[in-house]
Amino acid sequence: MNDPKAPLNGLGLPACPDEMADLRARVSEFVRQRVMPREAVLDAGGPDARAELARLQREAKNAGLWALALPVELGGQGLPLSRYAHLAEAEGASDHGPAVLGSAPLLDVLMLQRHGSAAVRRRYLDRITSGELRTCYAMTEPDTPGTDPTLTATRAEPGPDGRWTLHGRKWFTTGAADADLVTVLARTDGGRADRDGLSLLLVPTSAPGFRVVRELPVLGAGGQWEVALDGVTVPADHLVGARGQALRIAGERLRLGRVLRCLRWLGQAHRAYELMCERARSRRHADGPLGDHQLVQQLVFDALLALRTTRPLVYEAVALLEAGRDARVETGLAKVAAARLLQQVTDAAIQVHGAAGLGPDTALPGLFRAGRAARLLDGPDELHVSSVARRVLRTGR
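These figures come from a predicted structure and were not determined experimentally.

K.L.:
In this structure, what is going on with the nonpolar core? I would like to understand it.
P.N.:
Burial of nonpolar side chains together is a common tendency in soluble globular proteins. Counting residues in hydrophobic clusters, the biggest one holds 89 residues, and the most contacted among them are Tyr84 and Leu263. In this structure, Leu263 is in contact with Ala85, Ala88, Glu89, Val314, Tyr315 and Val318, ignoring residues within four places of it in sequence. Counting residues in hydrophobic clusters, the runner-up holds 20 residues, among them Ala176, Val184, Val227 and Leu229.

And the structure:
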C-alpha cells in the first residue's frame, strides 16, 4: 500500500496514492482553515457549539467533502478503507474533523446497515448519514472493568409485547448529551460472565427513563458523559443483530474502530510535529534559533523516527482488514504504537514550546490529553500487549 519509492511529503512520510492526493489536500486544507480555528467554540459545547458544528457541516457538504467513507446508497461517497485511510489522517488532525466532515458515525452506520432490523434501517440510517441524527455507543460502566464486557451489569428484559426494558448505567459515553440514538450493551440472558447472554439495543435518547447523569471531564476537557437507563423501553425491532450476539458484533466494530482511531492519532501526531518544527525554527535566542541546540534536534529526530515507524504498522492493519484477513496482531501493534506516538510527539512539542506549550495559545494541551487518553481507549495498552504476545507465542507467527 505504501510504495517505498514514492515521493516523501514535508514530514518525510510516504505520500498518499496519486489518485487520492488532490482529495487529501482538500480535506487537509478544510480542516486547517475551517475547523481548527473554531476548535475553542466546538470544545465548549452547548448551543453555540451545536450551531457552529451545523454551519461547518453545511460548508463540508458544499465543498463535496461530506461522508467520504459512508455507503453511497445512504448518501455517502463510499470510499473503501484503503483510500479513506489517507483522508482519515487529515480529518483526524482535529478532534472535530470527523464530525464536521460526516465520518464520525461510520461505525454506527455500518453496524446498523449490517445488523439492524429493516425498520431501524428504514427509520434512521439516511438521517444518521445526513447528519440529522447523532449517535453514540455505550459499553463501559462504573465499577465494572471495561476490559471484560462479560461483567456488564446493565440488563434488558423482554416484555409480553416483545418490547425491551433497560435498567443500568453507562459512562465515558462520547457525545451522549447531544446524541439522538445510543447503542447500549446489555445483558439479556444468563448470569454474570456469560458471554452468550449479551445483546445490543438501539435506544432513542428521547425515550422516558433515559437520563444524562453528569459530564466526565477527561484531564479537564469535556465530551464524555455518564448516562442512566431507568426503565427505558424500546421496541423489539431495536435489537441490533441476534439476541446474545453482542460480543461478535462489538468485536467487528472494534477492529475497524481501533484502526480508525490510529489513523486519526497519526493525523494529530503530525500536527504536533509540525508545531514543534515551526517553533524550533522560529524561536530565537541570543545564540541563534532554538533548533540549533542538539537536545532540540534529538526531540525532532525521535519524533520523526516514531512517525516513520508507526505509520507502516497502521497501514498494514488497514490492508489486512480490507482484505478480510485476520488482523488481530497487526491491529494490536498499531493501536499501542499510535497511542504511544501521539503522547511522545506531543510531549516533545510541548517541551520545545516551553511554557507556551502549556497554555491556551496552541493546540498542544488538547493533543496531549488525546495522547494520554489514547493509551486507554479501545482497551488499555497492557491488554493489547498481552493479547498480541499470547497469540504470537501460541501460533509462532
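K.L.:
Before we go on, may I ask you to explain the layout of surface pockets in this structure?
P.N.:
A water-sized probe, rolled over the atoms, reveals where empty space remains. Estimated volume of the second largest pocket: approximately 400 Å³. Along its surface, the second largest pocket is lined by 17 residues, and Leu81, Leu110, Arg114, Leu256 and Leu321 are the ones closest to its centre. Residue composition of the lining of the second largest pocket, grouped by class: 10 nonpolar, two polar and five charged.

K.L.:
Looking at this structure, I do not really get the packing of helix α10 (residues 328–353) against helix α11 (residues 364–374). What am I missing?
P.N.:
Two quantities define a packed helix pair, namely the angle between the helix axes and the distance between the axes. Relative to each other, α10 and α11 sit at 150°, their axes nearing to 8 Å. Taken together, α10 and α11 sit at an angle that is classed as roughly antiparallel. You can see that α10 and α11 cross each other, and the crossing is left-handed. Listed contacts from α11 to Lys335, Ala339, Leu342, Gln343, Thr346, Asp347, Ala349, Ile350 and His353 of α10 are Leu364, Leu367, Phe368, Ala370, Gly371, Arg372 and Ala374. The residue inventory of the contact of α10 with α11, partitioned by class, reads nine nonpolar, four polar and three charged.

K.L.:
Looking at this structure, I do not really get empty space enclosed by the protein. What am I missing?
P.N.:
Counted according to the given criterion, the structure contains two cavities of 30 Å³ or more. Lining the largest cavity are Leu107, Leu110, Met111, Arg114, His115, Ile249, Glu252, Arg253 and Leu256. If you list the elements that add at least two residues to the lining of the largest cavity, you get α6 (106–115) and α8 (246–282). At five residues, α6 tops the list of elements feeding residues into the lining of the largest cavity. Here the lining of the largest cavity is composed, by residue class, of five nonpolar, one polar and three charged. As for the second largest cavity, its lining consists of Met139, Thr140, Glu141, Thr144, Pro145, Gly146, Asp148, Pro149 and Thr152. Class assignment of the residues belonging to the lining of the second largest cavity gives a composition of three nonpolar, four polar and two charged.

K.L.:
Just to check I follow, could you spell out the pattern of salt bridges for this structure?
P.N.:
Where charged atoms from two side chains of opposite charge approach closely, those side chains can pair. Per the counting criterion, the structure on display carries 24 salt bridges. Where Asp178 meets Arg50, a salt bridge forms, and the shortest distance between an N and an O atom there is 2.7 Å. Note that Asp178 is positioned in the loop between β3 (164–174) and β4 (181–187) and Arg50 in helix α3 (residues 46–62), a separation of 128 residues in sequence. Residue class for Asp178 comes out partly exposed when judged on its relative accessible area of 27%. With a relative accessible area of 39%, Arg50 lands in the partly exposed category. Linking Arg127 and Glu132 is a salt bridge whose minimum nitrogen-to-oxygen distance equals 3.1 Å. One salt-bridge network, held together by shared partners, links Arg34, Arg38, Glu52, Arg55 and Glu59.

K.L.:
Even after reading the chapter, I still don't get the packing of α6 against α8, so can you show me in this structure?
P.N.:
Close contact between α6 and α8 brings their axes to 10 Å; oriented N to C, the two are set at 150°. Here α6 is positioned roughly antiparallel relative to α8, judged by the angle of their axes. The chirality of how α6 crosses α8 is right-handed. Contact with α6, carried on its side by Leu106, Leu107, Asp108, Leu110, Met111, Arg114 and His115, involves Arg248, Ile249, Glu252, Arg253, Leu256, Gly257 and Leu260 of α8 and no other residues of that element. Residue composition of the contact of α6 with α8, grouped by class: seven nonpolar, two polar and five charged.

K.L.:
How should I be thinking about unusual backbone geometry in this particular structure?
P.N.:
The general pattern is negative phi for most residues beyond glycine and trans for most peptide bonds. Positive phi values are uncommon outside glycine, yet Asp143 reaches one of about 65°. Topologically, Asp143 is positioned in the loop between β1 (135–138) and β2 (155–158). For Asp378, which is not glycine, the phi torsion reads 55° and is therefore positive. Position of Asp378 relative to the elements: it lies in the loop between α11 and α12 (381–395).

The rules behind the values
- Residues numbered from 1 in each chain as written.
- Predicted model: local features only at pLDDT ≥ 70, side-chain atom pairs only at ≥ 80, totals over all residues.
- Heavy atoms only, no water.
- Core = buried A, V, L, I, M, F, W, Y, C linked by side-chain atoms within 4.5 Å.
- Buried < 20%, exposed > 50% of the residue type's maximum accessible area, 1.4 Å probe, protein only.
- Contact = heavy atoms within 4.5 Å.
- 1 Å grid on protein atoms, 1.4 Å probe; cavity = no way out; pocket = protein on both sides within 12 Å on 5 of 7 lines; lining within 4 Å.
- Points joined across faces, edges and corners; volume = space filled by probe spheres on them.
- Nonpolar A, V, L, I, M, F, W, Y, C, P; charged D, E, K, R; others polar.
- Axes fitted to C-alpha atoms, helices over the stretch in contact; angles between N-to-C directions.
- Helix = DSSP H or I, 4+ residues; strand = E, 2+ residues; numbered from the N terminus.
- Parallel < 35°, antiparallel > 145°, perpendicular 65-115°, else oblique.
- Left-handed = near helix turned anticlockwise from the far one by under 90°.
- Salt bridge = Lys/Arg side-chain N within 4 Å of Asp/Glu carboxyl O.

So far we have only geometry, and geometry alone does not tell us how the molecule works.
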